[in-house]
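Inside the fold
Single-letter residue listing:
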Amino acid sequence: MIEVNSLGKRFDDLEVLKGIDIQIGAKEIVVLIGPSGSGKSTLLRCLNGLEEPTEGTIRVGGIEWNQAMSANMKKEAIRGIRNLTGMVFQSFHLFPHMTVLENVTMAPMTAKKMPKEQAVRLAESLLSKVGLLEKRDVYPSKLSGGQQQRVAIARSLAMQPQIMLFDEPTSALDPELTGEVLAVMKQLAKEGMTMIVVTHEMKFAREVANRVIFMADGIIQEEGVPKQFFAQPQTERARKFLRQLDQQPD
Ligand SMILES: Nc1ncnc2c1ncn2[C@@H]1O[C@H](COP(=O)(O)OP(=O)(O)OP(=O)(O)O)[C@@H](O)[C@H]1O
């Protein structure tokens, strides 16, 4: 579903990603963890074209982007890749002047030219899935952070993506609100969505992920199934990271 080869990204003199190789299969739940500044968000943003890599190749659902392509081909590839991926951000990014329902129906109606009645039916079913159908006519400012993030997930799902990318989806939330967002993500995982999740929620990583990828200093230091990674981290870098999080090997 996703293949990344020798991916590099620099911002001027700062080399943030230094040759990343990843393969992710359909229905995999991959959690990306690592210290602050290690390049996790940048990697996720490269995967759906929010950042342009400086080196390497990305293949998502059969669509390839590579550094050697012409500007037009790159644009075309990014458009295709964006159609396959949905992204959820730390800070929700809902449109404040639109109701919850309008937030969810807008993209299918404009980008996919979906008829309004169909977009409304889809939005209602997605709002029901995230437990917020009764808030359909409310504006985002009237919602809690957790509710706003659940609407953001529904809005992303309305484009019917094959892959969901989550960039620290609970980091801006009060601890008592993270559970409701993680529950929606768990449900999505159960339904077979392919997901890459950047998070500091180790409990989610332990319980839901098929694979943990540990990044530090712009490279993948190690990866493995959660049980193995948390019980027996292979590198000193990962051991130190887990110690700092108070996530000692089991
Ligand atoms: N647009 C940008 N311009 C310049 N530097 C950037 C830009 N975006 C990110 N960086 C730098 O790239 C490095 C990696 O940032 P990134 O956000 O990918 O890290 P992260 O692992 O997601 O960290 P965190 O867990 O704190 O969110 C940081 O040093 C950051 O300052």
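Residues numbered from 1 in each chain as written. Predicted model: local features only at pLDDT ≥ 70, side-chain atom pairs only at ≥ 80, totals over all residues. Heavy atoms only, no water.

Considering the overall build of the protein chain
Each helix and strand in the protein chain was counted, giving nine helices and 10 strands. For a compact globule of 250 residues, the expected C-alpha radius of gyration is about 18 Å, and the protein chain comes in at 18 Å, within 12% of that figure. Seen along its three principal axes, the alpha-carbon backbone of the protein chain occupies a region of about 55 × 45 × 30 Å. Classification of the 250 residues of the protein chain by burial places 52% in the buried group. Restricting the contact set of the protein chain to residue pairs at least 6 apart, pairs at least 24 apart contribute 63%. If you sum the accessible surface of the protein chain, you get close to 11,800 Å²; carbon and sulfur atoms cover 49% of it. Each charge class in the protein chain was averaged separately, 31 positive and 30 negative side chains, and the resulting centres sit 3 Å apart. (Helix = DSSP H or I, 4+ residues; strand = E, 2+ residues; numbered from the N terminus. Rg over C-alpha atoms; globule rule 2.2 N^0.38 Å. Buried < 20%, exposed > 50% of the residue type's maximum accessible area, 1.4 Å probe, protein only. Contact = heavy atoms within 4.5 Å. Areas by Shrake-Rupley, 256 points an atom, 1.4 Å probe, with all protein chains shown as cover. Lys, Arg positive; Asp, Glu negative; His and termini not counted. Charge placed at Lys NZ, Arg CZ, Asp CG, Glu CD.)

Some points on helix α1 (residues 40-47)
By the criterion of burial, α1 is predominantly enclosed, with six of the eight residues buried. Backbone geometry just downstream of α1 places glycine 49 in the positive-phi region, at approximately 80°.

A few points about helix α2 (residues 71-84)
Turn by turn, an α-helix covers 3.6 residues, leaving residues three or four places apart pointing in a common direction. Between its first and last C-alpha, α2 extends 20 Å over 14 residues, near the 20 Å set by a 1.5 Å rise per residue. Listing the buried residues of α2 in full gives Lys74, Ala77, Ile78, Gly80, Ile81 and Leu84. Buried residues of α2, seen end-on, are gathered within an arc of 165° and therefore sit on one face of the element. For α2, exposure combined with an orientation more than 90 degrees from the buried face picks out Ala71, Asn72 and Lys75. Tucked into the core, α2 has its buried residues touching α1, β4 (55-60), β5 (63-66), β6 (85-88) and β7 (163-167). (Expected span 1.5 Å × (residues − 1). Arc of directions from axis to C-beta.)

Quick notes on the packing of aromatic side chains
According to the stated counting rule, one finds three aromatic pairs in the structure shown. Arranged with centres 6.1 Å apart and planes meeting at 35°, the rings of phenylalanine 214 and phenylalanine 229 form a pair that is tilted. In this pair, phenylalanine 214 is assigned in strand β9 (residues 211-216) and phenylalanine 229 in helix α8 (residues 226-231), connecting sequence segments 15 residues apart. Pair check on accessibility: phenylalanine 214 and phenylalanine 229 agree, each one buried. Aromatic side chains phenylalanine 229 and phenylalanine 230 sit 5.2 Å apart centroid to centroid with 80° between the ring planes, which places their arrangement in the edge-to-face category. Phenylalanine 229 sits in the buried class, given a relative accessible area of 1%. A relative accessible area of 0% places phenylalanine 230 in the buried class. An aromatic cluster of at least three residues, connected via ring pairs, comprises Phe214, Phe229, Phe230 and Phe241. Positioned above the aromatic ring of phenylalanine 95, the side-chain terminus of arginine 155 is 5.0 Å from the ring centre. Here the basic side chain of arginine 206 rests over the ring of phenylalanine 230, its NZ or CZ set 4.4 Å away from the ring centre. (Phe/Tyr/Trp six-rings, centres within 6.5 Å; stacked < 30°, edge-to-face > 60°. Lys NZ or Arg CZ within 6 Å of the ring centre and 35° of its normal.)

A short note on the confidence of the model for the protein chain
Summarising the model, the protein chain shows a mean pLDDT of 94, and 98% of its residues fall at 70 or more. On the interface metric, ipTM, the complex scores 0.96, and its pTM is 0.94. (pLDDT = per-residue confidence, 0-100.)

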